[in-house]
Structure formats: C-alpha cells, structure tokens
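Residue-level structural notes
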Amino acid sequence: RESRHISELINRPADEVYEYAGAPDNLPQWAKGLGSSVEKIDDRWFAQTPEGRVGFAFVPRNEYGVLDHYVTMPSGEVVYNPMRVIADARACEVVFTLRRPADLSDEDFRADADAVAADLARLKQVLEEAH
C-alpha cells in the first residue's frame, strides 16, 4: 500500500504538543478532518463527521510521542492512523502517516492528504498563537 508522511514543524516543546494533540476535547479546535464536535460516552470517544458519527481511540499515553489512533467509521471499518510528535530542541515535528486504501482514487488520496496537512497547520497555529 502507498503511504504519505505529512509533517509540520511546531515551535513549541514536544511534551506540550503531545499533551494538547492527544486530548480528545481539543480535536475540534485543530482536527477538522476528524469532525466538528466530540463527545465521550462511557469510556469511548466519538466525533461527528459529514459521513456520520465515528469512534476514535488513541493508543495508551506513552513517553515516546506516539499518538497513533484508531477511527471506527460508520460502516464499522476501523482505520489505523500512525502519528508521532518528535522532539527537535525546543520545537517539535508532528508526523502523520496517511495510508491509502486500495479502492481510493488518486484525487481522493490527494484530498485526504490536503485535509491532514490543513489539520496539522491548524495545530501549529493554535499552539504557537497561544504563546
């Protein structure tokens, strides 16, 4: 399968970016690609998207900057999304690996990549403007 690594350099400490990006409540402020609102029901998180409600879960908190997450689509399909926050002195780089499903057109894959890039740019903007 084809993958594309999309990254953004953020002029904030890696631990601060990790904490913010890994908090589900913050997703509507920067991850518009995931949805416009989030809610927690019991121990599960959900986001409202144009395709309907999706579930999402981050891997357990860790010291390595890993923010991999699973998105459960309305169809029941589960999509694994690798994501990392990599320290770079007083800044960091956030890297999202976009994997292309076999049935996705070139145009739709480009659109998905553009949406991820826009989300990471918003993450940068939100965190850098806050300080």
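This report concerns the structure included in the present document. (Residues numbered from 1 in each chain as written. Predicted model: local features only at pLDDT ≥ 70, side-chain atom pairs only at ≥ 80, totals over all residues. Heavy atoms only, no water.)

1. Regarding the overall build of the protein chain
Spelled out, the test is: Comment: elements are numbered from the N terminus, with helices defined as DSSP H or I runs of at least four residues and strands as E runs of at least two. Here the radius of gyration uses the C-alpha set of atoms, whereas the globule reference equals 2.2 Å times the residue count to the power 0.38. Accessible area is worked out with a 1.4 Å probe on protein chains only. A residue is then buried under 20% of its type maximum, exposed over 50%, and partly exposed in between. Only heavy atoms matter for contacts: two residues are in contact if any of them lie within 4.5 Å across the pair.
Along the protein chain, the regular secondary structure elements total 3 helices and 8 strands. Order of helices (α) and strands (β) in the protein chain, N terminus to C terminus: β-α-α-β-β-β-β-β-β-β-α. The C-alpha radius of gyration of the protein chain comes to 14 Å, within 12% of the 14 Å expected for a compact globule of 131 residues. Principal-axis analysis of the C-alpha atoms gives the protein chain an extent of 40 × 35 × 25 Å. Relative to its full complement of 131 residues, the protein chain shows a buried share of 39%. Sequence separation of at least 24 residues holds for 47% of the intrachain contacts in the protein chain that already meet a minimum separation of 6.

2. Looking at the layout of surface pockets
Spelled out, the test is: Buried and open spaces are told apart on a 1 Å grid over the protein atoms alone, a cavity being a set of points where a 1.4 Å probe fits but cannot get out and a pocket being an open set with protein on both sides within 12 Å along at least five of seven lines. Residues with an atom within 4 Å of a point are the lining residues. Grid points are joined across faces, edges and corners, and a volume is the space filled by probe spheres set on the points. Lys, Arg, Asp and Glu make up the charged group, whereas Ala, Val, Leu, Ile, Met, Phe, Trp, Tyr, Cys and Pro make up the nonpolar group; the residues left over, Gly among them, are polar.
Quantified by volume, the largest pocket comes out at close to 1,000 Å³. In terms of lining residues, the largest pocket is bounded by 34 residues, among which G33, V79, N81, L98 and D112 are the most central. For the lining of the largest pocket, the elements supplying multiple residues, two or more each, are α2 (27-30), β4 (52-58), β5 (69-72), β6 (78-81), β8 (91-99) and α3 (106-129). Along the lines of polarity and charge, the residues of the lining of the largest pocket split into 21 nonpolar, 4 polar and 9 charged.

3. Digging into the sheet that holds strand β7 (residues 83-88)
What holds strands together in a sheet is hydrogen bonding between their backbones, with the strands either parallel or antiparallel. For clarity, the cut-off: A pair of strands counts as paired when DSSP detects no fewer than two bridges linking them. To define axes, lines are fitted to C-alpha atoms, for helices over the stretch in contact only, and angles between the resulting N-to-C directions are given on a 0 to 180 degree scale.
Sheet architecture is open: 3 strands sit in the order β1-β8-β7, paired in antiparallel fashion. At either end of the open sheet lies a strand with only one pairing partner, and these are β1 (3-10) and β7. For this sheet, the mean inter-axis angle between neighbouring strands, taken without regard to orientation, is 20 degrees. Packed onto the sheet, α3 meets β1, β7 and β8 and runs at close to 15 degrees relative to β1.

4. Comments concerning the side chain of T49
Using the following cut-off: For the purposes of these results, a polar contact is taken to be a pair of N or O atoms within 3.5 Å, where, inside protein, one atom must be able to donate a hydrogen and its partner to accept one; residues adjacent in sequence count only when each atom of the pair is a side-chain atom.
For T49, the location among the structural elements is in strand β3 (residues 44-49). At a separation of 2.6 Å, a polar atom in the side chain of T49 contacts the main-chain carbonyl oxygen of G52. Apart from the residues lying within four places of it in its own chain, the contact partners of T49 are L34, G35 and V54.

5. Observations regarding the packing of aromatic side chains
Here is the rule: Side-chain rings of Phe, Tyr and Trp (the six-membered ring for Trp) are treated as a pair once their centres are within 6.5 Å; stacked means planes under 30 degrees apart, edge-to-face means over 60, and tilted covers the remaining angles.
This model, assessed by the stated rule, comprises 3 aromatic pairs. Ring geometry for F56 and F58: centres 6.4 Å apart, planes at 85 degrees, overall edge-to-face. Connected via pairs of aromatic rings, a cluster forms that spans W45, F56 and F58.

6. Some words on the pattern of salt bridges
For side chains of opposite charge, pairing can occur when their charged atoms come near one another. The criterion, for reference: Whenever Lys or Arg places a side-chain nitrogen within 4 Å of a carboxyl oxygen from Asp or Glu, that contact is recorded as a salt bridge.
Per the counting criterion, the structure on display carries 8 salt bridges. Note that E19 and R61 form a salt bridge whose closest N and O atoms lie 2.3 Å from each other. Here the residue E19 occupies a position in helix α1 (residues 14-21), and R61 occupies one in the loop between β4 and β5, the gap between them amounting to 42 residues. On the basis of relative accessible area, E19 is assigned to the partly exposed category, the value being 41%. Overall, the relative accessible area of 55% leaves R61 in the exposed class.

Function-wise, these values are silent; they only describe arrangement.
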